[in-house]
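Commentary on secondary and tertiary structure
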Amino acid sequence: MALQELRSSAVTFRRILAHFPEELSLAFAYGSGVFRQAGRGADAQDAMLDFVFTVDDPVDWHSRNLKKNWNHYSFLKVLGPKLISTIQNDYGAGVYYNTLIMCDGRLIKYGVISTRLLVKDLLNWNSLYIAGRLQKPVKILAMNENVILRSALDRNLTSAVTAAFLMLPESFSEEELFLEIAGLSYAGDFRMVIGEDKTKVLNIVKPNVAHFRELYGSILQENPQVVYKAQQGRLEIDKSPEGQFTQLMTLPKTLQQRINKIMDPPGKNRDVEETLFQLAHDPDCGEVVRLGLAAIVRPSSMKQSTKGIFTADR
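On a predicted model such as this, the values are computed, not experimentally measured, just so you know. (Residues numbered from 1 in each chain as written. Predicted model: local features only at pLDDT ≥ 70, side-chain atom pairs only at ≥ 80, totals over all residues. Heavy atoms only, no water.)

Bringing the confidence of the model for the protein into the picture now. Taken over all residues, the pLDDT of the protein has a mean of 90, while the share at 70 or more is 89%. A low-confidence stretch, residues 1-5 (pLDDT under 50), is modelled with 12 contacts involving residues beyond four sequence positions or located in other chains. (pLDDT = per-residue confidence, 0-100. Contact = heavy atoms within 4.5 Å.)

The backbone of Leu100 sits at a positive phi, close to 55°, despite the residue not being glycine. Structurally, the position occupied by Leu100 is in strand S3 (residues 95-103). On the basis of relative accessibility, which here comes to 54%, the residue Leu100 falls in the exposed class. Its identity as a non-glycine residue notwithstanding, Trp125 has a phi of 60°, on the positive side. Here Trp125 lies in the loop between helix H4 (115-124) and helix H5 (130-133). Trp125 gets classed as buried once you look at its relative accessible area, which sits at 0%. (Helix = DSSP H or I, 4+ residues; strand = E, 2+ residues; numbered from the N terminus. Buried < 20%, exposed > 50% of the residue type's maximum accessible area, 1.4 Å probe, protein only.)

We now examine the packing of helix H7 (residues 174-183) against helix H9 (residues 209-222). The N-to-C vectors of H7 and H9 enclose an angle of 95°; their axes lie 11 Å apart at closest approach. One way to sum up the angle between H7 and H9 is to call them roughly perpendicular. Contact residues: H7 offers Glu174, Glu175, Leu177, Phe178, Ile181 and Ala182, while H9 offers Val209, Phe212, Arg213, Tyr216 and Leu220. Residue classes in the contact of H7 with H9 are distributed as eight nonpolar, no polar and three charged. (Axes fitted to C-alpha atoms, helices over the stretch in contact; angles between N-to-C directions. Parallel < 35°, antiparallel > 145°, perpendicular 65-115°, else oblique. Nonpolar A, V, L, I, M, F, W, Y, C, P; charged D, E, K, R; others polar.)

Across soluble globular proteins, nonpolar side chains have a tendency to be buried as a group. If you look at the biggest cluster of nonpolar residues, it comprises 67 residues, and the most contacted ones within it are Ile130, Leu177 and Tyr216. In contact with Tyr216, other than residues within four places in its own chain, are Gln135, Leu157, Ala160, Val161, Phe178 and Ile181. In this structure, Leu17, Leu76, Ile108 and Val112 belong to the second largest nonpolar core, which totals 25 residues. (Core = buried A, V, L, I, M, F, W, Y, C linked by side-chain atoms within 4.5 Å.)

Structure below.
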């Protein structure tokens, strides 16, 4: 992924990454400290840098990181790497965050997630917490040769396009598509009601259309259901019931299950395919997909934020 106008240099990222154990299957930086956002100041030096580290063995990684960076952790550090890993994997969205860390002269926060749980989220959208961040432009800092992980990363992007198509009209602009994609992981997020800037999604997309185009251009060009007029920045998609049914059937499993639960009346117990076939003929199809997304995001964001009270209290 070619990236332009990053707000922090590659040297900055390498220096920070050197403070952590090297056993990472994936490491990336994201957010306003990396990519310019509308409504924020131009000085990147004061912006916190956000990272996610994906590790194959969380117990081993936290054990090594505790030895190197004991002061990064909350009071939970005294309980040891096994309990930290259990809290990471079994509560919230499967991520353990250390926040407000001074590292190499920069304020950072970093989340740790197991490779196994990340792959599941990318493929199935179990929480859309880290999968959602990876639907927006990020700066990849390290990635190993895990073919399963790489395939899941690609599948997550394709699924994001499909979900956005279902919530858009027959004809729309690139920017409208990217706004829908960037908003997928905020559907139902309680932080968008209290605390977060209500224009957050617009502020992410507006200055970074070129980055989104780099991320999704080839997927749009290769999708047989869309006419992508790249020079005009316009797209047209198949909104027939047959087209929508094809799109619905390729959505991640958890989203399909949430949609089925929303549409299945008590006692009916229809299978998912039957429900999706009915929804494909429904003029409110896009709104039901949006409700399904909210049913995934709302509980995971609340549980992860609650977990953060304990993991961030240093």
